[in-house]
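So you can see what is in the structure, the chains are spelled out below.
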Amino acid sequence: MSRAAVLCGLGGALPTTAVSNEELAGQLDTSDQWIRTRTGIRSRHVVAPGEATSDLAVAAGADALASARRTAPVADVDLVVLATSTPDRPCPATAPDVAHRLGLGPVPAFDVAAVCTGFVYALATASSMITAGVSERALVIGADTFSTILDPVDRTTRAIFGDGAGAVVLRAGEADEPGALLGFDLGSDGSGADLITVRAGGSRQRSTGGPADAGDHFFTMDGRPVFTQAVLNMSRSSQELMERVGWTPADLDKVVAHQANIRILHAVGEQLGLEEKQIVANLDRVGNTVAASIPLALRDAAADGELLPGHRVVLTGFGGGLTWGSAALVWPDLAAG
Ligand code: ACO
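What you see is a predicted model, and the numbers here were worked out from it, not measured in a lab.

About the thresholds
- Residues numbered from 1 in each chain as written.
- Predicted model: local features only at pLDDT ≥ 70, side-chain atom pairs only at ≥ 80, totals over all residues.
- Heavy atoms only, no water.
- Domains from an automatic or database assignment.
- Contact = heavy atoms within 4.5 Å.
- Buried area = accessible area lost by both parts, 1.4 Å probe.
- Helix = DSSP H or I, 4+ residues; strand = E, 2+ residues; numbered from the N terminus.
- Polar contact = N/O pair within 3.5 Å; in protein donor to acceptor, adjacent residues only side chain to side chain.
- Near = heavy atom within 4 Å.
- Areas by Shrake-Rupley, 256 points an atom, 1.4 Å probe, with all protein chains shown as cover.
- Nonpolar A, V, L, I, M, F, W, Y, C, P; charged D, E, K, R; others polar.
- Pairing = 2+ DSSP bridges.
- Axes fitted to C-alpha atoms, helices over the stretch in contact; angles between N-to-C directions.
- Buried < 20%, exposed > 50% of the residue type's maximum accessible area, 1.4 Å probe, protein only.

Structural notes on the domain arrangement of the chain
Next, step 1: Looking at the assigned domains, one finds that the chain contains domain 1 (3-174) and domain 2 (181-330).
Next, step 2: Each of domain 1 and domain 2 was reduced to a C-alpha centroid, and the two centroids are 14 Å apart.
Next, step 3: Taken together, the 48 residues of domain 1 in the interface contact 43 residues of domain 2.
Next, step 4: Across the interface of domain 1 and domain 2, roughly 3500 Å² is buried in total on both sides, 68% from carbon and sulfur atoms.

Considering the side chain of Ser54
Next, step 1: Mapped onto the elements of the fold, Ser54 is located in helix H3 (residues 53-71).
Next, step 2: For Ser54, the side chain forms a polar contact with the side chain of Arg101, separated by 2.8 Å.
Next, step 3: Filtering out sequence-adjacent residues up to four positions away, Ser54 remains in contact with Asp88, Thr94, Asp97, Val98 and Arg101.

A look at the site of the ligand
Next, step 1: Around the ligand, the surrounding shell holds 30 residues, and the nearest of these are Thr30, Arg38, Cys116, Arg224 and Asn261.
Next, step 2: Between the ligand and Arg155, the relevant distance is 2.9 Å, taken from an oxygen atom to a side-chain nitrogen or oxygen of the residue.
Next, step 3: Interatomic distance of 2.8 Å between a side-chain N/O atom of Asn261 and an oxygen atom of the ligand.
Next, step 4: In isolation the ligand offers 1000 Å² of accessible surface; the protein chains occlude 78% of this area.
Next, step 5: Elements with a minimum of two residues in the shell around the ligand: helix H2 (32-39), helix H6 (155-158), strand S10 (219-221), helix H7 (223-245), helix H8 (262-271) and strand S12 (312-319).
Next, step 6: Take the shell around the ligand: its biggest share by element is 5 residues, from H7.
Next, step 7: Tallied by class, the residues present in the shell around the ligand amount to 16 nonpolar, 9 polar and 5 charged.
Next, step 8: Shared between two domains, the shell around the ligand holds at least three residues of each, these being domain 1 (3-174) and domain 2 (181-330).

Focus on the sheet that holds strand S13 (residues 323-330)
Next, step 1: Pairing is mixed in the open sheet, where 4 strands are placed in the order S8-S13-S12-S11. The open sheet has two free edges, formed respectively by strand S8 (181-188) and strand S11 (254-257), since each of these has just one partner strand. Each adjacent strand pair in this sheet contributes to an overall mean axis angle of 15 degrees, direction not counted.
Next, step 2: Here S11 pairs with S12 via 4 bridges, running parallel. Bridging across to S12, Lys254 finds its partner in Val313.

Some words on the environment of Asn288
Next, step 1: Note on placement: Asn288 falls in the loop between helix H9 (283-286) and helix H10 (293-303).
Next, step 2: Of the residues examined, Asn288 reaches a relative accessible area of 3% and is grouped as buried.
Next, step 3: C-alpha separation for the pair Asn288 and Ala143, spaced 145 residues apart in sequence, amounts to 12 Å.
Next, step 4: Ignoring anything within four residues of it in the chain, the contact list for Asn288 reads Ile41, Cys116, Ile160, Phe161, Gly162, His258, Gln259 and Ala260.

Topic: the environment of Gly103
Next, step 1: Along the polypeptide, Gly103 turns up in the loop between helix H4 (95-101) and strand S5 (109-112).
Next, step 2: A residue is classified by how much of its surface remains accessible, and Gly103, at 53% relative accessible area, is exposed.
Next, step 3: Taking the C-alpha atoms as reference, Gly103 lies 27 Å from His45; in sequence the two are 58 residues apart.

Set out below in structure tokens:
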């Protein structure tokens, strides 16, 4: 049997402060009714002043490592991959600091930036490094604090995004074991780079931090075309991956898609011929947590008994870049974090 990366730990972390739709409606020209019916979101969590992405990443990483140790004695990980588009600082990467604070020693640690697809890209990266024999055990974290880059008066983004971190532990194993990552489908289309963007702060338009920026340091998203592209690409990517691993839609038990909008999840489910109960959704409680979205949805679905050992699962994400990606696995017997 061939060597594969096997999921053996799962965890997550949310900031303490939850912000309800009603609270947002007190600050912005929006309503609980609009947000609930157009997105399915009821509440999201936001970091406190001074709290950073690494703080959530460390908490989620520790939770996933504890879950892995409960399932089986696990030696320390030898690789940390952190998916984030809100690093603590533009330079250096946040992953080495996270590895250091988790006490993991001098392990390789780096960030992956693919916005809402970041976790799937990071999972594919770590899985490939395990399959290639470069790593034996990897900690893969998705963490973002989009509340730190949103325009405080932009109702179109503040209603949607929340902060959080989710993490998994992968170990080297065999491709026929439950939990083995069976395949990936990844893609990008840079012609849509302006649809989901922070204009300033990079080499193209350096941020001065002054009023001349005119809000260019805030995150912006053109929701309607992103909605269409999200449905199209998550459906197509899931279908192509299933063909590659030899599954038909009838074989599939659960889809864990990026939690951006309940209408997107239902449309993807429809494209794949799934019933509503096969679509994992936790966005009502956390909103769109960007790179944390898929691992947090996994954690909640595992804790709620929605994901059961033996379930055939496809993870699928879509985000800025534009980027998309999917992964397939048979759900293992995991102790939640
Ligand atoms: N409250 C009240 N009204 C609002 C709000 C709000 N929070 N937000 C937008 N509106 C208004 C708009 O201003 C607009 O008003 P107008 O017609 O007077 O101009 C109206 O509602 C309709 O706006 P749309 O943008 O067309 O609304 P839509 O139904 O498309 O919902 C949304 C917007 C929720 C953003 C949706 O387009 C969406 O979910 N898009 C996809 C998001 C996504 O998939 N993201 C994934 C990637 S994100 C990443 O990678 C970081």
